[in-house]
Structure formats: C-alpha cells, structure tokens
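Residues per chain, in single letters:
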Amino acid sequence: MPFSAAIADAPLRPFQIIVAIFGLALLVIDGIDLQSLSLVTPLILDEWSIDRALFGPALAASLFGMGFGSMLGGLLGDRIGRLNTLFIASMIFGSTTIAAAYTNNVWEMSAVRAIGGLGFGAAYPNALALVSDWVSARHRPHAIAVLSVGIPVGITVAAEVLPLLLPDHGWRGAFVIFGVGSLIFGVLMRLVLREPPPIYMAKGNTAAAQKSAARVIDADIELTPEPEDEADPATGERIGIFHKRNTRLNIAMFISFSAATTLVYGLLNWTTELLTSAGFTLEEALRATSWQGILSMIGGISAGFTVRTFGSRGMILAGASGITITIITLAFMVEGLDGPPSPSQITTIVALEGLAVGLVSMMISLFYVVMAHGYPSACRSGGIGFVITSGRVFSIAMVFAGGWLLNLGGESFVFYFATLIFVALLVFPAAFIIDCHILPARKQEPSS
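Right, let's walk through the structure included here. On a predicted model such as this, the values are computed, not experimentally measured, just so you know.

Looking at the overall build of the chain
Per the secondary structure count, the chain includes 17 helices and zero strands. Relative to its length of 448 residues, the chain is compact, with a C-alpha radius of gyration of 22 Å against a globular reference of 22 Å. Among the 448 residues that make up the chain, the fraction classed as buried is 58%. Looking at the chain alone, contacts between residues at least 24 apart form 83% of all its contacts between residues at least 6 apart. Of the roughly 17100 Å² of accessible surface on the chain, a fraction of 68% belongs to carbon and sulfur atoms. Within the chain, one finds 24 positive and 30 negative side-chain charges whose respective centroids are separated by 9 Å.

Here it is as structure tokens:
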C-alpha cells in the first residue's frame, strides 16, 4: 500500500513527532535570522546616519532573495529531497546572518541579505512538505498549523532576546550569535532526520523508501507509489505544479496568499519605525513586536485546529473581515495621537498591532493547510514554493516602499494605512476561487 495509507489511521510515532519538532525549530531559527534586521533598524539608522526611506532596500533584499529561494528551493526539494534542501538552506541563511554583522552600508547589507533570502525562502516550503509527507492527512492540518507559527515564534524570541544581547554585544554581535546557532542546528538536523518515503517511491527507489518508512510502520508492509503522484490517466502527463487540476488553487493563492504575506511583512518590518516616529520609545515599540509574535502563534495554531470544524471557506471570510476592521481601527488610533502616547493608548495600539498580525498569521497558516491538502506529494514542495514566490512580489514592494509611505504624509501615516487596508481586501477572493476547500464538519461524509 502507499505510505499515506499505511499511516492513515495510526497514531503519531515518536519519529514523526521528532520530524515536526525539528521542522518547527528550523523555522523558529529562520524567523530569528529573518526578522532581526527590522528589529534593530533604528539602531542601524543612527549608526549609519541615514534616513529610513533609504534603508528600504536592505529590508526588502531578503524578500527579494526569498522570492527566488522559495521557488528554486521548492523545485529542488522535489528533485533532491526535502531534507537535503533544508540543510543547504540552513547553511546559507546562517552564514549570511554572520556576514551581515560585518556590513557598513545599505548596499553591503542588501547584497548579503539577498543571498540569505535564498536560504530563508528555501526553508519554508521544504519544512512544510517534509512534515506533510511524514504525517497522515488526519494530523496534517495540526502539524502545518504548528509549523506555521515557527517564524512568529522566532520573531518573539528575537524581540525578547535582542534587548538582552544589545548592551554587551551590539547588533553586530547579536547577528553573529544567531548565525552560528543556525549553522549548528542545520548540521544536527541533517544527522537526525530522514527523507520521507514518498520521495523515494516517486524516484523508484523502493529499498530506500522501505528503510525510511520502517521508522513508523511495520517492516512487512510493501510500499507502492502514492496514487496522486501517478501520471494523469487521460493524458499520461505527470501531475505537476501547473497541471490543470491546480489552476484555481494557484490563482487563488497568487492573489490572497500574496495579500496576506504583504500585510504581515508590511506590518512587521515597519512597526518599530512607525511607533517610534509616533512617539513610542524603542522598548515600547519592541513590546508591540513581541505581541505580534505571540498573537501570530495563537492565530497560526488556531487555524489548524479549527479548519476541520468550520471549513476553510468560512474561516477565510471571517479572517479577512477581522483583518480589515483591525487595521482600520489601528489607523484611527495612531492618527489620533497628539504628542507622546498615554499608557492606555500604548496598550491599545500594541494590542491592535498584535491582533492585526495574529489574524494575518491565521490566514497564512490556513492557506498553508489548504495548499498541503490541495497539492499532491510529487509537487507539494514546488507548489508551496511557487505560491510563496508569487507572494514575494507584493511583499517586496511593500517593504521597499514602507519608509516612503511613512514619509509621504508628513506627520500623518494615512498613506501607509490606506495601502494596508486595500491589500487586506485582497484576502477575500480565495474564499470564492479555491476549488479544493476543506469542508466544515457538518458537510463532511460520516466516513471521513
């Protein structure tokens, strides 16, 4: 039987849990390295004596690299294996985080971060595909939801740890510490984990598949290829990313996943600069970033544990509505500030910043669950990578233009918030375009 059938009704085995833990930990480290630059942006602006609008290329560079890294890394993961690609990715983003500590101007930082983005980008689709391949469809939404909070956890860790590291090590020393940790973890992960059996079966390497599968199933079960990985019976064509069965999923994710990632990067990368410009201290602004990470975790996990109850369509509609309302309220609060914010204003704005990112993270997690559900194993890594890459186009534009949008209104941030509200409306279309929605419990067949 196929590996997916062999594990369909079985409880999670220790090795499957270990795979999920390593996948989550890698994405936490990915999030620390990725977000650390935006958290110390005010310090770098002061050290280098430059305007925030000129620093946009450095913040956007990693997203530019991630655009290529997600697509290339996804395709590479389908070709040479998820685990091999994850090891390469960790070596890239770990070493470039160290290199970033030795830069002295925007263009040096931009070049290093663009290369690092290749690693950041390759890590996410392969981590999701690796865990998706190792667990059953029954456990997959939960596993993907947990993994989806990896980067938010990393953001929270970075926001909490950086204030402890900065006094003694500065931002440069903190980058070296983060980068070395990434390299060590990448080696450990490669030594402990194994490629999932469906990857070997798709390449005809039955012996390797059986050896890998023995960690979670009985050795006497003879594996066969996954049915979804077989060629299209009508045309003989191998089902890949752009096969007609994936068309509506591709279109929906290009629009709505792109919008969600644009929102999360537009909020996260410019929160500290937005709030310090509005009268917050750096410590208060970092508190907002910390809450963004905490609520991102809650939002991301909640998606995986509720989607089978409420269905993906209803959750998309509810989540998109919540995002739009929250950003509008945040805009009114920030625009209404007159001088340094009061304690109650600080609490409210910090909460709204966290809620906005938390709701967006719930949507991103939900979209990952839908993608893991919709793309077949043979192109799962590449499919997720394609979607992530498409999302980078608008994310890069938002991060690159964030400083310009903040400056455009003078003392007002209305143009920045108006852009976020428009993008939030683009989250809605996925509810109507996707043709592989996860049905709510009340509509599922009893046998499911």
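Further notes follow.
Re the packing of helix α2 (residues 14–39) against helix α3 (residues 41–48)
Each pair of packed helices gets described by two things: the angle between the helix axes and the distance between those axes. At a closest axis distance of 5 Å, the pairing of α2 and α3 adopts a crossing angle of 50°. In terms of their interaxial angle, α2 and α3 are classed as oblique. Contacts between α2 and α3 involve L37, S38 and L39 from the former and T41, P42 and I44 from the latter.

Let's talk about the side chain of R113
Along the polypeptide, R113 turns up in helix α6 (residues 106–134). Residues contacting R113, with those up to four places away along its chain left out, are D33, L34, S36, L37, A58, A61, S62 and F120.

What about the packing of aromatic side chains?
A complete count under the given rule lists 10 aromatic pairs for this structure. When the ring of W48 is compared with that of F55, the centres are 6.3 Å apart and the planes differ by 65°; the resulting orientation is edge-to-face. What makes W48 buried here is its relative accessible area of 14%. Here the aromatic rings of W48 and W171 are separated by 6.2 Å at their centres, their planes lie at 80°, and the arrangement is edge-to-face. One end of the pair, W48, is in helix α3; the other, W171, is in helix α8 (residues 150–192), with 123 residues separating them in the sequence. By the burial criterion, W48 is buried, and W171 matches it. An aromatic cluster is present here, built from W48, F55, W171 and F175 joined pairwise through their rings.

Thoughts on the pattern of salt bridges
By the definition in use, this model includes four salt bridges. Among the salt bridges present, the one from R82 reaches D78, with a minimum N-O distance of 2.5 Å. Note on R82: relative accessible area 0%, which makes it buried. Among the salt bridges present, the one from D133 reaches R82, with a minimum N-O distance of 2.8 Å. With a gap of 51 residues between them, D133 in helix α6 and R82 in helix α5 (residues 82–100) connect regions that are remote in the sequence. Residue classification places D133 among the buried residues on the basis of a relative accessible area of 4%. In this structure, a network of salt bridges that share partners links the residues D78, R82, D133 and R380.

A look at empty space enclosed by the protein
With the rule as written, the count across this model stands at two cavities of 30 Å³ or more. Looking at the largest cavity, its volume works out to about 230 Å³. Every residue lining the largest cavity is counted, 19 residues in all, and those nearest its centre are Y124, I151, V264, Y265 and I364. Listed by contribution, the elements that provide at least two residues to the lining of the largest cavity are α2, α8, α11 (247–277) and α14 (343–374). Taken as a whole, the second largest cavity spans an internal volume of roughly 40 Å³. For the lining of the second largest cavity, the secondary-structure elements that each account for two or more residues are α2, α4 (56–80) and α11. The element best represented in the lining of the second largest cavity is α2, accounting for four residues.

Let's talk about the state of the cysteines
A covalent bond between the sulfur atoms of two cysteines is referred to as a disulfide. As enumerated under the stated definition, the model contains zero disulfides in all. Left unpaired, C379 is separated from the closest cysteine sulfur, that of C436, by 11 Å. The exposure class of C379 is buried, given its relative accessible area of 2%. Look at C436 and you get buried, because its relative accessible area is 17%.

The rules behind these values
Each chain has its residues counted from 1, following the order in which its sequence is written. This being a predicted model, a pLDDT of at least 70 is required before a residue's local features are given, and a value of 80 or more before pairs of side-chain atoms are given or counted; all residues contribute to the totals for chains, interfaces and linings. Derived side-chain values reflect all non-hydrogen atoms in the structure, with water molecules and hydrogen atoms excluded from consideration. Only DSSP runs of H or I with at least four residues qualify as helices, and only runs of E with at least two residues qualify as strands; both kinds are numbered from the N terminus onward. C-alpha atoms define the radius of gyration, and 2.2 Å times the number of residues to the power 0.38 defines the globule rule. Only protein chains enter the accessibility calculation, which uses a 1.4 Å probe; a residue whose area is less than 20% of its type maximum is buried, one above 50% is exposed, and one in between is partly exposed. What makes two residues a contact is simply this: any of their non-hydrogen atoms within 4.5 Å. Only the protein chains shown count as cover for residues, and all accessible areas are computed by the Shrake-Rupley method using a 1.4 Å probe. Charge convention: Lys and Arg are scored as positive, Asp and Glu as negative, and His as well as the terminal groups of each chain are ignored. Note on charges: their place is set at NZ of Lys, CZ of Arg, CG of Asp or CD of Glu. Only the contacting stretch of a helix is used when fitting its axis, a line to C-alpha atoms as for every element, and angles between N-to-C directions run 0 to 180 degrees. What sets the label is the angle itself: under 35 degrees gives roughly parallel, over 145 gives roughly antiparallel, 65 to 115 gives roughly perpendicular, and the rest give oblique. Pairing of aromatic side chains here covers Phe, Tyr and the six-membered ring of Trp, requires ring centres within 6.5 Å, and sorts the geometry by plane angle: under 30 degrees stacked, over 60 edge-to-face, intermediate tilted. Here, a salt bridge means any side-chain nitrogen of Lys or Arg that lies within 4 Å of a carboxyl oxygen of Asp or Glu. As defined here, a cavity is a set of points on a 1 Å grid over the protein atoms alone where a 1.4 Å probe fits but cannot get out. A pocket is an open set with protein on both sides within 12 Å along at least five of seven lines, and residues line them when an atom is within 4 Å of a point. Grid points are joined across faces, edges and corners, and a volume is the space filled by probe spheres set on the points. To count as a disulfide, a pair of cysteine sulfur atoms needs to be within 2.5 Å.

Spatial relationships are all this shows, so hold off on functional conclusions.
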